[in-house]
Each structure stands twice: as structure tokens, then as C-alpha cells.
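A structural walkthrough
Take a look at the letters that make up each chain.
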Protein chains: 2
Amino acid sequence: MTSTRVINFGAGPSALPQSVLEKAAEGLLNFESTGIGIGEISHRSKEFSAFLARTESLIRSQLNVPPTHHIIFTQGGGTGQFSAVVYNMLARHRLLHPDLRDDQRTLDYVLTGSWSKKAHEEAIRLGGANVHVAVDARSYSKDGKAFDNIPPHAEYTFSRDPAMIYYCDNETVDGVQFSSDSNAPTFFPFELLKRRANSALLPLVADYSSSFMSRPIPYLAEHAVIFAGAQKNLGPAGLTIVIMRQDCIVDVDVAAKLGAAPVPKMIAYNTLADSKSIYNTPPVIPIYIAGLVLERMAELGGLTYFEDLNKRKAEKVYAAVRAGEEGGIFQSKVQQGSGSWMNVVFNILGEGAEERFLAGAEKEGMKGLKGHRLVGGIRASLYNAITAQDVDKLVAYIDKFIDDEGNKIPS
Amino acid sequence: MTSTRVINFGAGPSALPQSVLEKAAEGLLNFESTGIGIGEISHRSKEFSAFLARTESLIRSQLNVPPTHHIIFTQGGGTGQFSAVVYNMLARHRLLHPDLRDDQRTLDYVLTGSWSKKAHEEAIRLGGANVHVAVDARSYSKDGKAFDNIPPHAEYTFSRDPAMIYYCDNETVDGVQFSSDSNAPTFFPFELLKRRANSALLPLVADYSSSFMSRPIPYLAEHAVIFAGAQKNLGPAGLTIVIMRQDCIVDVDVAAKLGAAPVPKMIAYNTLADSKSIYNTPPVIPIYIAGLVLERMAELGGLTYFEDLNKRKAEKVYAAVRAGEEGGIFQSKVQQGSGSWMNVVFNILGEGAEERFLAGAEKEGMKGLKGHRLVGGIRASLYNAITAQDVDKLVAYIDKFIDDEGNKIPS
């Protein structure tokens, strides 16, 4: 059964470690010798409570989450959080500044790709505040239209005392990501924000859906909220992790009495935090698989191990793409220094070449390389479960493809 | 591994058929010979799309859902839908009657237990309408406080042209359920509502979380919305099914322009319906397991088979409880005719007797019989995966317990 498994370079839901899946398969029938499958056990049982606590602590220890921050397991994906952060951060702002008018409350959005754009659109839909674009990366793109870069620090215009500053660490569709190197120009301008905030708590919110647990989160403690759908590095779809700082867990009903929008119970952070993620039945199986993934991560050496591995994987693929670009076969879609470690995107030039590339890859057992339907091209997603060997196989295939195509070009 | 499985009478997450779990365990590693596990495959792949369509059609055919109604797979559980129905039904009402003031819009709630009470509380939290209690079953209880009955039809006071009429078919905590027999006084007053509506479409909303797929849904076509968390008869936690009539899928953004509350994207019914449940990544593994459960249901004879089985199971357990009541050992918690087929609740009289009952059951491999933490006592949940043999074992245990306790009572 398992020998027929292919390499899944899909952008999510994405590959999971085979050892985890094998253990999960056993747990479906009998969870930790309880005689009850994980999908059947009560979420309030002592066995599941212990598992949930262990899973939380595996995230806390590996990401170095300070005690000021809660870690919550919920549902609804990144899209659910696009709404949740607006409601909860505006409720917080209402309690801090009850006398401001709605148009005196500002939400700052950093737009670097399709997902931050969607989050920004949701803030506009929900209303209740002035929605400001702190920077739009498209203005700094090669063609003035594409999300192909992380803009330089000088271009960000943040508001004075915003209710929220929002960014997306890794843009899965567009293949751009903030750097993890604090000296790089594509590092997020945390220091700039800290200086401006003048020791006040930053209302900084980050979507980490597609890079969560792939490497450490810089300035984690300065964040108000960090959220992530699990279905990239952490587990299957149907689970959302939210890390929230204590001051962002406010009584949304009191805020509503002061004029803030009422917050649906299931996305009110105080509901989720006060109940420790079990206000209602949580997505038990996705949590279980995520927990197994986290255990395996810890065994392998934790986030440092994966940071190092993911860096090397990305560098290898980018080098291969660059070679293709130099050979006139490929075209990178992202500006130098802005490329994602998780999703490497490029175009293949020449008629029918993209189809040839995909068909050939599939023949060698490599799937999921087709780019997002909105932007086309090729996308190789290199989440944690993709091994160095998987990447070597992809790179060898790319090298050979470049050779073969090169030979076709009339000299 | 599987020989150690116990009988799980828990109220949810609840027992799943072993054959389904065995198949799901294989699918975790290799979904339908794709070489990719179900937790890893793209929700937009042709293989998963086909599975999703098949799962939908298994619900449609077995429940006899007419083409006027969409079937949607989403996340957030019943609690998420408590909010969703208020937003979406008020948006619909806004478009039908744009000139009414908020206090001229009414939401009618039928209160028969803890879950309808929670839904009612959420409507009050969200505001934007006059929230009316059409009937409160506590007024008709033995002690004036407990949810122990389905009230008689004459006691319902519905509003004129409400934006929503809300009820919960089966109350998991309190063990009361509307009858499936249209001649019973505890049948929901559908005919009364139809007469009043005078051929207009009823804004009837039902929470079927704990009875979904256990028996046919009476007057299904008259419902505006029926929703259900999957974790009782259908599958694991993390999946919510919503059946919505076409006229309830409205453009919530247009309604918001007319003054309705903006609706978070993930709970806007037009987002879910227009994208056919894949606006964002759906909970793929829970959907997979629910699909396998539905396939097995169809093989066994469909809803008619389970209706008949569930009726017999409930009758046997109620008969045993009645015997215990006559012997002065048990006390039923629900009035005659209002008892749930899914959750049979009763108290055990005498000091330490409840603990003895639970400990003895556990020793014989029967778990999950402790009542809900809010009401205590015993609760035996008899969802679809509980077999006739499982019930026979429980009944034999109850009979023996009654005998043993009876012998302790000094004559």
C-alpha cells in the first residue's frame, strides 16, 4: 500500500510524514490504548485533554511562545481568521478608546500577495473602521501589477495608533515571503514599528498559515495575534492555530455594549481562550495528526532542524530555477531576496513546455507542481514533510528538463 | 489492536463503525489508489471533487433532499451555525423587507433544551432583531425548571412574518426530541406553521446535530435551513453539514448595503454555496470519514434501515429504564412521549449507586455513560454506530444492576 506513495509538491493540503500517517491510522481504531478511536473519543476525556495539552506545549516550546500568549486550536482556516482578527482587534481598540468614532479607528494592511489582499478585502466588507493600505507590493513590481516582491522599509506608511497592523508572512499563491534574516531588506520592519509604538503593545497580526512551524517566528512576542491553518507544515485541513497575546483576549460583549460590532461566539477570542479550545467539539482528528507531526518534529531536532533543512531545500530549488532562467528555459516570478522557502514559483517558456514538465514529473511520481489557478506556471511547495531526497529528485528532474529543452532550441 | 475496542455510549464525538475506521486508516496513506493520503490530497483534485460529490449525493438520496436545497460542507459545528443562521436569515429578511426597522424583525425560538437555549442566547448577543421565545418547555416541566418535555402545540406563540423560526430536533444534554410520528402530540407543529404562512416559504431553521441521518427529517422541504455537526451519526468532529433552501442564499453584501449586519465571509451562505463548499480548504479527513459512513449506510439499507434499528434500540433501553423506575432504582428524567431516540437520560437513586453503575459498566467494556456535566445522571447515547448487540449488552447490564440493587433494599 505505502510503496505506491508519490511525492506530493502540492501547496496544501500537503504531504505528511509517512510515519505519522501510519501511527494515525492505528489511532483511528484505538487511541493510546483506550479501546476507542481518536475520532470517537470525547474531547473532554482525560486522555484527549492530555494529548491537547502536550500538543500545545510542543508548539510553545519549539516556537518559544512566551506565557503572555495563549495557543488556541479552532476551525475555519485562515479565511475564518481574516474576519476574527478584525472583530477582536476592533473590540480591543473600542475598550482602549471607547470615545473614538468608527472612522477614527484604523486597520493597517501590508499587501504582499493574494492572501493579504483577501484579508484586506474582508476588513473592508466588515466595516467599522478606516482600512488603510500601509504598503502595496504591486507598486514595486517589475510590471506594476504582480505581487513579486517584499517592498523596502522606506515605502511603508503606518497609521498613528492603528487598531491592527496586518501582514502575511508567506504568500502561497505568489511565492513571496518575508526574510528570516533580520539584516535583509526584505525582513519585516519590526524595529521601525517598535520605535513608533514607544513601548506600547503592538497590535501586530500575522497570517502564518503556510510557514507556521517551518522556522522560528521573528519577534513572536511582539505579535498580538499569529494564526495559521494547519494544512501546510503541521497537519491536515480543518484545524486552525491561533496564538494570541493576553491583552487581545477582551470581553467582546462589553465592547459591543460600547458600540463595537457583536462578535460571533465561535470567533470571539475570549470564548476560545476561556474554554481552552473546547468551547464546543474541536476538530479532534486534525488535532491528533498535528500532535503526531509535532512529536516527530521534536524528535528530529525541533524547529532549528527544520529551519536548516528548509533553507537548504529552498536554496537547491532556487539554484536549479536560476540555471533554467540563465538557459532561457525558465522565468522566475519573484524578485531576488523575496522568494519563499515554502513555495517556489516560476514559469516555463516555450510552447507546450509547461505541459511537458508536468507530465514528465508525474511520470516520475512527483505530483502537485501546477501553479495556483489564478496565476498559472509552476509551483513547487517544499513544506516540512518534503525531504532532502525528495528535493534532490525534483532538482535532478529540473536539471534534466533544462538540458533536454536546451537541446531543442535551434542554435 | 481492534479486539480491545470498547462500546462507546458517549454523546459525541461518538462511536464510528469499525469497518469504516479500517477503510479510513488505509485512506490516510493512500486515498483511492492516488498514492497520496486523504489528508494530503488537494481539495480541488478531481479525485476529491468526485468523492465530495458522491458524499453529497448519498445525503441527498437518503434524506430525500429536493433540488431546491443545497447541501454544504463546512466547519465550526452547531455553535458556528447558531450565529450563521441569524446573520443569513436576517440578510434574507432585509432584502425581502428593506424598510423595516431592526425592532420590527423577529426571530422566533422554540426552547426545548440546553442547545436551543444556547442558540437563543447567541441571537440576543448578535442583536439586529427582536428575539422572541415561541415556547419555553421549562414552563411545562414537572418542576417548572427542567427541559424534560416537548410542549403541546397549543402553547406555541409564533410571530407574524418572523425572519426565522428556530428549533432543535434532538436535545443531547436533556434527552428530549420531537417525535417522528406526525400524529403524536410531540411532533413539531409543521402543519400549524404551513397554514399560517399561507403558501409563503417558511423561514424554518432546525438544528439536527445529534439526530442527523438517524431517521428521515419530517417536512424537510419546508425547511429554510437544516444544520448538523457530523460528530454523532455521521463522522468525526470538525465537519458541519448545512442544507439550505435556494431562497436563503442571498447576497449578504447587498443586504449589508441596505443596513443588515455584515456577515463574516466563512459563514455567509452565498460564499459556501457559490463555491460548492470549497471557498477555502474544507475539513478533508472528516468529510472522507463521513462519506465512508454514508456509503456503509446505503449498503445496509439506508435511512429506513437505521430508522427501524434506532427505534428498536431506543424502545429496548426505555423499557429497561422503566423497569428500573418501577423497582424504585431509577428515575426517568424525561416526560413520556418526549424521550430522545439518540440520548436516553435517567437518574440512579440511592447513595453511591450511580458510581457503582458506571464502574460496573466500564468493567464490562461500556464507556461514555456519564450524563452531561451540567445535568449529571446517566446518559446512554444510541447513535447509528451502536449496534443492536451493543444495546442488548447494555440492557442486560441494566437488568442485572436493577436486580442486584433491588436485593440491597431492605424489604
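For the structure itself, look to the data block above.
Residues numbered from 1 in each chain as written. Chains lettered and ligands numbered in written order. Predicted model: local features only at pLDDT ≥ 70, side-chain atom pairs only at ≥ 80, totals over all residues. Heavy atoms only, no water.

**What to know about the interface of chain A and chain B**
- Taken together, the contact pairs 64 residues of chain A with 64 residues of chain B.
- For the pair chain A and chain B, the summed buried area comes to about 5100 Å², and 58% of that belongs to carbon and sulfur atoms.
- The largest contributions to the chain A side of the interface with chain B come from Leu-29, Glu-40 and Arg-125 of chain A, which together make up 15% of the buried area.
- Between chain A and chain B we count two salt bridges in total.
- The partner of Asp-253 of chain B in a salt bridge is Arg-125 of chain A, and the shortest N-O contact between them spans 2.9 Å.
- Run the count over chain A and chain B and you get 22 residue pairs in polar contact (both at pLDDT 80 or more).
- Counting residues per element, the side of chain A that touches chain B draws most heavily on helix H1 (residues 18-29) of chain A, at eight residues. (Contact = heavy atoms within 4.5 Å. Buried area = accessible area lost by both parts, 1.4 Å probe. Salt bridge = Lys/Arg side-chain N within 4 Å of Asp/Glu carboxyl O. Polar contact = N/O pair within 3.5 Å; in protein donor to acceptor, adjacent residues only side chain to side chain. Helix = DSSP H or I, 4+ residues; strand = E, 2+ residues; numbered from the N terminus.)

**A closer look at empty space enclosed by the protein**
- Overall, the coordinates contain ten cavities of 30 Å³ or more when judged by the stated rule.
- Reported here for the largest cavity is a volume of approximately 240 Å³.
- Gly-76, Met-266 and Ile-267 of chain A together with Met-266 and Ile-267 of chain B are the residues nearest the centre of the largest cavity, which is lined by 19 residues in total.
- Of all the secondary-structure elements, those providing two or more residues to the lining of the largest cavity are helix H3 (77-96) of chain A together with helix H3 (77-96) of chain B.
- When residues of the lining of the largest cavity are assigned to their parent elements, the largest contribution, four residues, is made by H3 of chain A.
- Considered class by class, the residues forming the lining of the largest cavity number six nonpolar, 13 polar and no charged. (1 Å grid on protein atoms, 1.4 Å probe; cavity = no way out; pocket = protein on both sides within 12 Å on 5 of 7 lines; lining within 4 Å. Points joined across faces, edges and corners; volume = space filled by probe spheres on them. Nonpolar A, V, L, I, M, F, W, Y, C, P; charged D, E, K, R; others polar.)

**Observations regarding the relation of the copies chain A and chain B**
- Overlaying chain A with chain B gives an RMSD of 0.0 Å, the required rotation being 180 degrees about an axis along which the chain moves by 0.0 Å. On the angle and the small slide along the axis, the relation comes out as a two-fold axis. Residue Ala-25 of chain A, judged by its C-alpha, is the member of chain A lying nearest the rotation axis, at 2.1 Å.
- Both copies share a contact surface, since 100% of the interface residues of chain A are interface residues in chain B too. (Least-squares fit on C-alpha atoms with pLDDT ≥ 70 in both.)

**Brief notes about helix H8 (residues 284-300) of chain A**
Residues and elements named next belong to chain A.
- Here H8 spans 25 Å end to end across 17 residues, near enough to the 24 Å set by a 1.5 Å rise per residue.
- A large share of H8 lies buried, amounting to 13 of its 17 residues.
- Once H8 finishes, Gly-301 follows within two positions and takes phi at roughly 125 degrees, a positive value. (Expected span 1.5 Å × (residues − 1). Buried < 20%, exposed > 50% of the residue type's maximum accessible area, 1.4 Å probe, protein only.)

**Examining the sheet that holds strand S11 (residues 330-332) of chain B**
All names here are of chain B.
- Across the sheet, which stays open at both edges, the three strands sit in the order S11-S12-S14 with antiparallel pairing between neighbours. Lying at the two open borders of the sheet, with one neighbouring strand each, are S11 and strand S14 (378-381). Geometrically, the sheet is characterised by an average inter-axis angle of 35 degrees between neighbouring strands, direction not taken into account.
- For strand S12 (residues 343-348) and S14, the ladder comprises four bridges, and the chain directions are antiparallel. Each bridged residue has a counterpart across the sheet, and for Asn-343 the counterpart in S14 is Ser-381.
- Here helix H11 (residues 388-408) sits on the sheet and contacts S11, S12 and S14; the angle it forms with S11, its principal contact strand, is near 125 degrees. (Pairing = 2+ DSSP bridges. Axes fitted to C-alpha atoms, helices over the stretch in contact; angles between N-to-C directions.)

**Points about the environment of Phe-51 of chain B**
- By the element assignment, Phe-51 of chain B lies in helix H2 (residues 46-63).
- Not counting residues within four places of it along the chain, the set of residues in contact with Phe-51 of chain B comprises Phe-31, Glu-32, Ile-287, Tyr-288, Gly-291, Leu-292 and Glu-295 of chain B.

**Comments concerning the pattern of salt bridges**
- Tallied over the entire structure, the rule returns 40 salt bridges over all chains.
- The residue Asp-247 of chain A makes a salt bridge to Arg-92 of chain A at a minimum N-O spacing of 2.8 Å. Of this pair, Asp-247 of chain A sits in the loop between strand S10 (240-245) and helix H6 (252-257) while Arg-92 of chain A sits in helix H3, and the two are 155 residues apart along the sequence.
- Under the relative-accessibility criterion, Arg-92 of chain A is labelled buried at 8%.
- Glu-56 of chain B is the salt-bridge partner of Arg-60 of chain B, the closest N and O atoms lying 3.1 Å from each other.

**Structural notes on the pairing of strand S4 (residues 130-136) of chain A**
- In this sheet, S4 of chain A lies alongside strand S3 (residues 106-111) of chain A in parallel orientation, the contact comprising six bridges. Within S4 of chain A, the position partnered with Val-110 of chain A by the bridge is Val-135 of chain A.

**Here's the deal with the sheet that holds strand S9 (residues 223-229) of chain A**
Residues and elements named next belong to chain A.
- The mixed open sheet is built from seven strands, whose spatial order is S2-S10-S9-S8-S5-S3-S4. Two strands in the sheet have a free side with no partner beyond their single neighbour: strand S2 (69-74) and S4. For this sheet, the mean angle separating the axes of adjacent strands, direction not counted, is 20 degrees.
- Sheet topology places S9 next to S10; five bridges connect them, and they run antiparallel. The residue bridging Val-225 from the neighbouring strand is Met-244, located in S10.
- Against the sheet, helix H4 (residues 114-126) engages S3, S4, strand S5 (164-168) and strand S8 (204-207), with an angle of about 160 degrees to S3.

**Some points on the packing of aromatic side chains**
Residue and element names in this part refer to chain A.
- For the coordinates displayed, the defined rule picks out 50 aromatic pairs over all chains.
- Both rings, one in Tyr-167 and one in Phe-188, keep their centres 4.0 Å apart while their planes meet at 25 degrees; by these two values the pair is stacked. With Tyr-167 in strand S5 and Phe-188 in the loop between strand S7 (176-177) and helix H5 (190-197), this pair connects stretches of sequence that are 21 residues apart.
- Joined through ring pairs, the aromatic side chains of Tyr-156, Phe-158, Tyr-167, Phe-178, Phe-187, Phe-188, Phe-190 and Tyr-219 make up one cluster.
- Sitting above the plane of the Trp-341 ring, Arg-215 keeps its charged end 4.4 Å from the centroid. (Phe/Tyr/Trp six-rings, centres within 6.5 Å; stacked < 30°, edge-to-face > 60°. Lys NZ or Arg CZ within 6 Å of the ring centre and 35° of its normal.)

**Here's the deal with the environment of Ile-71 of chain A**
All names here are of chain A.
- In this fold, Ile-71 is placed in strand S2.
- For Ile-71, a relative accessible area of 4% puts it in the buried group.
- In the structure, Ile-71 is positioned 154 residues away from Val-225 in sequence and 9.9 Å away in space, judged by C-alpha atoms.
- Setting aside chain neighbours within four positions, we find Ile-71 in contact with Glu-56, Ile-59, Arg-60, Val-65, Ile-241, Val-242, Ile-243 and Ser-277.

**Topic: unusual backbone geometry**
- Cis geometry marks the peptide bond from Gly-12 of chain A to Pro-13 of chain A; its omega dihedral reads -5 degrees.
- Note that Pro-13 of chain A resides in the loop between strand S1 (7-8) and H1.
- Of note in the backbone geometry, Ser-277 of chain B takes a positive phi value of approximately 75 degrees without being a glycine.
- For Ser-277 of chain B, the position within the fold is in the loop between helix H7 (269-274) and helix H8 (284-300).
- Exposure remark for Ser-277 of chain B: the relative accessible area of 6% places this residue in the buried category.

**A look at the side chain of His-372 of chain A**
Residues and elements named next belong to chain A.
- Structurally, His-372 is set in the loop between strand S13 (366-367) and strand S14 (378-381).
- At a separation of 3.0 Å, a polar atom in the side chain of His-372 contacts the side chain of Arg-373.
- Leave out the neighbours within four places in its chain, and His-372 touches Val-173 and Arg-379.

**With respect to the nonpolar core**
- Formed by 132 residues in total, the largest nonpolar core has its most connected members in Leu-63, Phe-212 and Ile-289 of chain A together with Leu-63, Phe-212 and Ile-289 of chain B.
- Counting 78 residues, the second-largest nonpolar core is a separate cluster that includes Val-86, Leu-107 and Val-205 of chain A together with Phe-227 of chain B. (Core = buried A, V, L, I, M, F, W, Y, C linked by side-chain atoms within 4.5 Å.)

**Some words on the packing of helix H10 (residues 353-363) of chain A against helix H11 (residues 388-408) of chain A**
All names here are of chain A.
- Close contact between H10 and H11 brings their axes to 11 Å; oriented N to C, the two are set at 140 degrees. Considered as vectors, H10 and H11 are oriented oblique to each other. Crossing of H10 over H11 shows right-handed handedness. Here H10 contributes Ala-353, Arg-356, Phe-357, Gly-360 and Ala-361 to the contact with H11, which in turn contributes Tyr-397, Ile-398, Phe-401, Glu-405 and Lys-408.
- For the contact of H10 with H11, the class distribution of residues is six nonpolar, one polar and three charged. (Parallel < 35°, antiparallel > 145°, perpendicular 65-115°, else oblique. Left-handed = near helix turned anticlockwise from the far one by under 90°.)

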